[in-house]
Amino acid sequence: MTDLCRAPARLLTLVLVSSAAAWTPPAAAAGQASPESYAILKGIVKFGNRHAGASKRGLAVDRLARLLSKRGLETEKVSFESPDPRTGRMWPMTNIVARFRPEASCRFLLGSHFDARHEAEMDPDPARKTKPIAGANDSGSGVAVLVALASRFRETVPKGVGVDVVLFDGEEMGYPDVGGYCAGSRQFAGALTSRPSAGTRTSLPIPKFGIVLDMVASPKSVFKVESYSQEAHPSLVSTLWEIGTRRMPAAFSRERLGWIRDDHFPLIGAGVPSVLVIGYNDPRWHTAADVFEGLSPERLALVEGLLEEFMKDKLSSFLGGCP
Ligand SMILES: [Zn+2]
């Protein structure tokens, strides 16, 4: 596996998508007007900066872990170090791994990165390009949806099935010219394929499949089909897009997005066929404008509702005969 996670192709694709005609969000919301994830997201942003090196980052990590443990998941913080690929400086990182029904051998994975970008390289203001961003959409939104879903796993996940909720660190610790992204999911994927070490449960068992969320709260998002996802698990893509398209036709498109190496990519390499649900065309991506204000409760409700419907009605056919 390459050490690149999200390669320059991402930047190229963003430019192409952004240059498309402006898209107007529909007036009607799919699902609740203000879903649980919207309030959770507001809280996450208030935890403070989550980029590598942020002064109160440890506190933010603890609070994120508590959001999941409070919802009854067995929650573990897995520490590791990873370099800034440009400077070589090592940064302490932490994946948050939370297990619903930890005893179940029949499992699937829901993931999203929680670290925010340490520099706003896409910001039009040169003075802001080296400053960290809040990452409300790019990191906060996916986490908020997963935490909201965790509140209702008992009602939505069939009996005997377990869920690994993984909040990945280090997705943003890379650069378009040198790569290096997705430190957390690479660490997690490596642990999945190695022997379990004493004192940790993160190595076992291997989930049947994964769904990774990223940037799901922009009101202008259109969810297109990412190409590694399509290759890894076409029937899961088809099912998720069928539900999404029915719930909010203007927000889902079966058009291909290109090849994006987000946190699903190392999972695929580790034998967990995984699908990325990403609202790729956010004009505030990697700029100082990626703040809570202006994000869409309707988009959050859409993704929350999509995954709840999937877990209630479709999950069993993706578990390969278990439990
Ligand atoms: Zn990002």
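Everything here concerns the structure above.
All values reported here derive from a predicted model rather than from experimental measurement.

(A) View of the packing of helix α4 (residues 136-150) against helix α10 (residues 297-314). As a packed pair, α4 and α10 sit with axes 10 Å apart at the nearest point and diverge in direction by 45°. Classed by the angle they form, the pair α4 and α10 counts as oblique. Two packed elements cross with a definite hand, and for α4 against α10 that hand is right-handed. Between α4 and α10, the contacting residues are Ser141, Ala144, Val145, Ala148 and Leu149 on the first element and Leu300, Val303, Glu304, Leu307 and Glu308 on the second. Class assignment for the residues of the contact of α4 with α10 results in seven nonpolar, one polar and two charged.

(B) Geometry of α4. Helix length check: α4 (15 residues) gives 20 Å between terminal C-alpha atoms against 21 Å at 1.5 Å per residue, within 8%. The element α4 is largely enclosed, with a buried count of 15 among its 15 residues.

(C) View of the sheet that holds strand β8 (residues 274-278). The six strands are arranged β1-β2-β4-β3-β5-β8 in an open sheet whose pairing can be described as mixed. Strands with a single pairing partner mark the edges of an open sheet, and in this sheet they are β1 (74-83) and β8. Put simply, the sheet's adjacent strands are angled 20° from each other on average, direction ignored. The pairing of strand β5 (residues 210-214) with β8 spans five bridges and is classified as parallel. Considered in β8, the bridge of Val212 is made with Leu276.

(D) Summary view of the environment of Trp285. Mapped onto the secondary structure, Trp285 falls in the loop between β8 and α10. According to the C-beta neighbour criterion, Trp285 is buried, with 22 such atoms within 10 Å. It is 9.4 Å that separates the C-alpha atoms of Trp285 and Glu121, two residues lying 164 residues apart in sequence.

(E) Representation of the nonpolar core within the structure. Membership of the largest hydrophobic core comes to 91 residues, with the highest contact counts inside it found for Leu41, Val165 and Val277. In terms of residues, this core owes the most to one element, α4, which gives nine residues. Discounting residues that sit within four places of it in the chain, Leu41 has contacts with Ala136, Gly140, Ser141, Ala144, Ala217, Phe292, Leu295 and Leu300.

The rules behind these values
- Residues numbered from 1 in each chain as written.
- Predicted model: local features only at pLDDT ≥ 70, side-chain atom pairs only at ≥ 80, totals over all residues.
- Axes fitted to C-alpha atoms, helices over the stretch in contact; angles between N-to-C directions.
- Helix = DSSP H or I, 4+ residues; strand = E, 2+ residues; numbered from the N terminus.
- Parallel < 35°, antiparallel > 145°, perpendicular 65-115°, else oblique.
- Left-handed = near helix turned anticlockwise from the far one by under 90°.
- Contact = placed C-beta atoms within 7 Å.
- Nonpolar A, V, L, I, M, F, W, Y, C, P; charged D, E, K, R; others polar.
- Expected span 1.5 Å × (residues − 1).
- Buried ≥ 20, exposed ≤ 12 C-beta atoms within 10 Å, placed from the backbone.
- Pairing = 2+ DSSP bridges.
- Core = buried A, V, L, I, M, F, W, Y, C linked by C-beta atoms within 7 Å.

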